[in-house]
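What follows is each chain in one-letter form.
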Amino acid sequence: MTLTTIVRPDADAAAAAVPASSAEAVMAIDARKTYGTGDAAVHALDGVTVGFGAGALTAIMGPSGSGKSTLLHCLAGLDTLTDGTVLLGGTDLGVLREKELTRVRRDRIGFVFQSFNLVPTLTAEENITLPLDLARRDVDQAWFDELVDVVGLRTRLGHRPAELSGGQQQRVAVARALVSRPEVVFADEPTGNLDSRAGAEVLALLRRAVREFGQTVVMVTHDAVAASYADRIVFLADGRTVGELIDPEPEAVLDQMKRISR
Amino acid sequence: MFKTTIRNLMAHRVRLLAAALSVVLGVALMAGTFVLTDTVGAAFDELYASVGVGTDAVVRADHAVEGQGEVQRPPVDAALADQLRSVPGVARIEGTVQGYAQFVGRDGKAIGRPGQGPPTLGLNWPSDPRLNPFTLVDGRAPDAPDQMVIDRASARTGGFALGDTVTVLTKDAPRSMVVVGIVTFGGADSPLGASIALFTTTTAQALVGTPGRFDGFSVVAAPGTDQETLVANLRRVLPPGTEAITGAAATAEQQAASRKGLAFFSTFLLAFALIAMFVGSFIIANSFAITVAQRTRELGLLRALGAGRAQVRRAVLAEAAVLGSVASAVGVGAGIGAALGLEALLNAAGFEVPARGLVLQPRSLVAAGVVGWLVTLASALLPARRAGRLSPVTALRDVDLDSTGGSRRRLVLGGAVTTIGLAVLGRGLVAGGDAAAGAVGLGAAVTFVGVAVLAPLLAPPVGRVIGAPLAAIGITGRLAQANGVRNPRRTAATASALMVGVALVACITVFAASGKASLDRVIDDSFRSDLVIDSGARGFGGLSPALATELARVPEVAEVVRVRLARAEVAGAPTMLVALDPAGASRVADVGVQQGAIEALDAHSIAVSTSAATAKGWHLGDTVPVTFASGRQDLRIVAVYANRNVAGDQFIAIAAQEAYDMRLLDAQLYLRYHPGADPAAARRAVDAATAAYPTASAQDLTGFKAERARPIDQMLALIYALLLLAVLIAVIGIANTTALSVHERTREIGLLRAVGMSRRQLRATVRKEAMIVALFGATLGLAVGVGFGWALVRALASQGITELRLPMAPLAVVVVLAGLSGLVAGAGPARRGARLDILRAVRSD
């Protein structure tokens, strides 16, 4: 697996020059997100250019307020940039209208959030097939069965979220994220609310999705252990990319974090 | 604490808006009714006072029969005037005549419908201006048999001007009269919207009275004689059977009579105001329950900081008190506006309300406001109790707000309350009579409360079944189905408000359909005539007897059987007594004679039903005391019949009616053709004969059935319209609950949107959820309402409601409309939900 991502801490200089590489599942080019105006303006993203390779698990790390969640939300079409471009497989999300953006999220993106991932009134099975049901698409039964076995929830399909443990709930969320075979799965602190064992299970699951199904996963985390599951880590601070690690070890991750936070 | 109360109210103002609105609407209808009643009542008081001002005494027969709000007295001999003229203190005496006279418009149709609306009157022109309640505004008094003066309202509606020739219907054959004058009455164009024709005294006696007789005399006192002295002087010479009262007393009588008519009208409206408030109480209780639930932590904190249960309870009640005061005050204000609307409605319906400013009686306004305030406070009692019961610990724990609502206690309590309600209702129905109406209303209300207590148990299973078809179609339906029953207690309370309105609609729908079916059944089973001519008159007005005479001359017509109505008291009970032609009666209607014969009826006899005979212990040959306006008669029973649904519990011959009731107008005519006559030709001949009588419409029995059903349909439409307010309040409640649910589910909605639910899909989900809640309410309402309707019909079986009908189409329409109202109620919250920021939900904070 070749990782062709170019990390430029001073990315604003040459943002437009970056081509939409076919190997990038999703990328941000000179992404800026500003809250407020004038002196009160806060730059959550201050010119980020970064790509995320297809078929890889990439982690975004950074201290609180680094803009990592904002970047994820903008990459996933949940939020819009003040300036700059997000390309999802060559589609410029910035020019899409609300309706088209919704369709992109539904058909081309999968989500795993930190908490409140599931609709409490629906069963595990209904939660998994939710994106397909919303699209009125038929469920690929073989794929569904395979997913259910991978996440190990065969016996819990008829249960409602309240009857599942936190780890089980996150596994259901992973299955839902994968069910429509999206181009990218975005995970926002997917293990943030889990104990370490349940967290490890979820991370192994995401890892497996990348390895076995060739899924692209972009994950925001502040946990070095979680990040070490990734093929590559992109570090953010003060709304800018400040470095990256390929095939990281937890120790290296911690070192890097310490450097950034200093 | 008061500052906290206000702050809480302001913080939850949107949530409590629906509660406030329901109070406002209920209070508005109540205050509006009060203000209208006060205004119209005062207007008529003034009207009668001003028109009666010149009359110092009234002389009339001292006996009367009353019925259906009217008093009927026999006329007195005109010669009595000569005798009274010499009584000391009498300056002037004039006879009065009043009876049925109706104008025919330029289009050949009769003006006014005395059977349903204000009466159409013919009177004699009082020659002394002091005794004349009318004011000539154009032209002059009548002084020839073919002249008349008419009221300005009729001149306006009929387009009549001075010198016009207008056809007048009376007990005589229709005749043309020349309009020589136009009058007003007090300040109004006509008294109470009645049409007025004023003739010379002789003409009036011939057309609307009895020649040589007067209804009574109006007397003017000589200068220096007061009313009491005048009356005392008159009484000394009055013959037996007559009385004298002061002009003031006569005015008071008229004022009381108009107040009585008004009271019926206002009671009717007030009943609907109370229904609206009852429905509103569900919304208020639910709104407070939701705000308490959402503030569990806050209230728990108060408790943890040392607030006692009573203090927490009082805090909630204080909010209700403030909300109730503000909403009631607004409601009273809105009611004053509503009174103007109701007044306009009355005028549009043809009741001339004298132009006059609104009368705002403080006590009426305060009464409406206090009722609204008390209802608000009472409705908040349970939520307040629940708030007080919160323990500091549970309140501080992050508990799931959703309570299951299902428990054995609820089942027992709800079952008990429902049973008590049904028992009270049943007693009221069985008892019958006016006093029973209160029991029926109370029983129904208690039953509603009982069902509302049970509703949380019913909501999950019933809601799931209702939502199943939606869930089968797609994910939005599936989500709506789940959300609809997610909070059973909240769903139940919201749906219960709609249940009340739907139940009342269903009940009267069943009742009306059964009533119409019963009427049809009677006509199908018992009526044999080829044609029926119905004047539509019920106790006032009718068809000139000349028409029956003319129809009898039509070659194709074998027989005309006349039916009249006489106001009388049979064995002490006021009744509209049917009078008919005994000779042909059996051939046009079958009353199921058991003993004796209808043909034996004459001026001294009566026919009675078996049920009346059994109840009163009457037998063939016994005499029954019947009091007519003219006095008491003992009538001998010559026939006993089984079928009381045709002509009631007793009837007499027209010969008896003419002798004792002395009014000559026919209410209905039943026609039989000669065997072998061509029905089409016969019909044409009859239509030709009735052409000059616009109030006479010939119908075959099918048409007659439709004609009889029409007033039922009109009543139904009116009641539907008034129940609309209750339904509207319930729909506001659904919108409110849905909005609160959407508000609570911000994160869930964000999640759904994040994983690809479109705004349109989200809106559909919310709307369908509201629809499921509405349909649940409609289902409960339909079940309860059909049950009530069934009970009502069964209870009135002895009153002639023999058929039970469940009209599927109208009831289905009710359900469909309820569902649609849910969709509409959900539209606002749906829009708001769709606008929610996705990020607010998914941001891990």
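The structure displayed is predicted, hence computed values, not measured ones. (Residues numbered from 1 in each chain as written. Chains lettered and ligands numbered in written order. Predicted model: local features only at pLDDT ≥ 70, side-chain atom pairs only at ≥ 80, totals over all residues. Heavy atoms only, no water.)

What to know about the overall build of chain A
The test is simple: Counting from the N terminus, the helices are the DSSP runs of H or I reaching at least four residues and the strands are the DSSP runs of E reaching at least two. Throughout, the radius of gyration refers to the C-alpha atoms, and the reference size of a globule is 2.2 Å times the residue count to the power 0.38. The cut-offs for exposure are 20% and 50% of the maximum accessible area for each residue type, with area from a 1.4 Å probe on protein chains only; residues under the lower value are buried, those over the upper are exposed, and the others partly exposed.
A count of helical and extended segments in chain A gives 9 helices and 10 strands. Radius of gyration (C-alpha) of chain A: 18 Å, near the 18 Å computed for a compact globule of 262 residues. Across its three principal directions, the C-alpha atoms of chain A cover 55 × 45 × 40 Å. For chain A, buried positions account for 56% of its 262 residues.

A short note on the sheet that holds strand β10 (residues 240-246) of chain A
Pairing between the strands of a sheet comes from backbone hydrogen bonds, and it takes one of two forms, parallel or antiparallel. Residue and element names in this part refer to chain A. What counts here: The pairing criterion for strands is at least two bridges between them, as found by DSSP. Axis geometry follows a simple rule: fit a line to the C-alpha atoms, using only the stretch in contact for helices, then measure angles between N-to-C directions, giving values from 0 to 180 degrees.
Strands sit in the order β6-β7-β8-β3-β9-β10 across an open sheet of 6 strands; the sheet is mixed. The sheet terminates laterally at β6 (109-112) and β10, the two strands that pair on one side only. Neighbouring strand axes in the sheet, compared pairwise and without regard to direction, differ in orientation by 20 degrees on average. Direction of pairing for β6 relative to strand β7 (residues 184-188): parallel, over a ladder of 4 bridges. For G110, the partnering residue across the bridge sits in β7 and is V185.

Notes on the interface of chain B and chain A
Accessible area lost on assembly of the parts is the figure often given for the size of an interface. Worth spelling out the cut-off: Residues count as neighbours in contact if any of their non-hydrogen atoms are within 4.5 Å of one another. Accessible area that two parts lose when put together, evaluated with a 1.4 Å probe and summed over both, is termed the buried area. Salt bridge, as applied in this entry: a Lys or Arg side-chain nitrogen positioned within 4 Å of an Asp or Glu carboxyl oxygen. The definition of a polar contact used here is a pair of N or O atoms within 3.5 Å, where within protein one atom must be able to donate a hydrogen and the other to accept one, and adjacent residues in sequence count solely through side-chain atom pairs. Put simply, Ala, Val, Leu, Ile, Met, Phe, Trp, Tyr, Cys and Pro go in the nonpolar bin, Asp, Glu, Lys and Arg in the charged bin, and everything else, Gly too, in the polar bin.
Between chain B and chain A, the residue contacts involve 26 residues of the former and 29 residues of the latter. Here chain B meets chain A over a buried area of about 2,400 Å², counting both sides, of which 63% is carbon and sulfur. Broken down residue by residue, the surface that chain B buries against chain A is led by I475(B), L751(B) and V755(B), which jointly contribute 24%. Counting every contact that joins chain B to chain A gives 2 salt bridges. Put simply, E126(A) and R478(B) hold a salt bridge, and the shortest N to O gap is 2.3 Å. Where chain B packs against chain A, one counts 5 residue pairs in polar contact (both at pLDDT 80 or more). Of all the secondary structure elements, the ones that give two or more residues to the side of chain B that touches chain A are α14 (475-484), α22 (746-754), α23 (759-795) and α25 (838-842) of chain B. In terms of residue count, α22(B) provides more of the side of chain B that touches chain A than any other element does, 6 residues in total. Taken together, the residues that form the side of chain B that touches chain A break down as 12 nonpolar, 6 polar and 8 charged.

Things to note about the domain arrangement of chain B
Residue and element names in this part refer to chain B. For the record, the criterion: Domain limits in this description derive from either an automatic procedure or a database domain assignment.
Segmenting chain B into domains produces domain 1 (57-245), domain 2 (420-525 + 705-845) and domain 3 (531-699). One C-alpha centre belongs to domain 1, the other to domain 3; they are set 29 Å apart. Carbon and sulfur atoms supply 64% of the area buried between domain 1 and domain 3, which totals about 2,000 Å² over both sides. The three residues of domain 1 that bury the most area against domain 3 are V65, Q72 and K171, which together make up 29% of that side's buried surface.

Details of the packing of aromatic side chains
Stated formally: Between the rings of Phe, Tyr and Trp (Trp by its six-membered ring), a pair exists once the centres lie within 6.5 Å; its type follows the angle of the planes, with under 30 degrees stacked, over 60 edge-to-face, and the other angles tilted.
For the coordinates displayed, the defined rule picks out 15 aromatic pairs over all chains. Relative to F213(A), the ring of W143(A) lies with its centre 4.9 Å away and its plane at 85 degrees, an arrangement referred to as edge-to-face. Placement of the pair is W143(A) in helix α5 (residues 141-151) and F213(A) in helix α7 (residues 196-213), with a sequence separation of 70 residues. When the ring of F214(B) is compared with that of F217(B), the centres are 5.6 Å apart and the planes differ by 65 degrees; the resulting orientation is edge-to-face. Under the relative-accessibility criterion, F214(B) is labelled buried at 11%.

A closer look at the side chain of D79(A)
Among the structural elements, D79(A) can be located in the loop between α1 (68-75) and β4 (83-88). Beyond its immediate stretch of four places on either side in the chain, D79(A) contacts K33(A), Y35(A), H73(A), C74(A) and L839(B).

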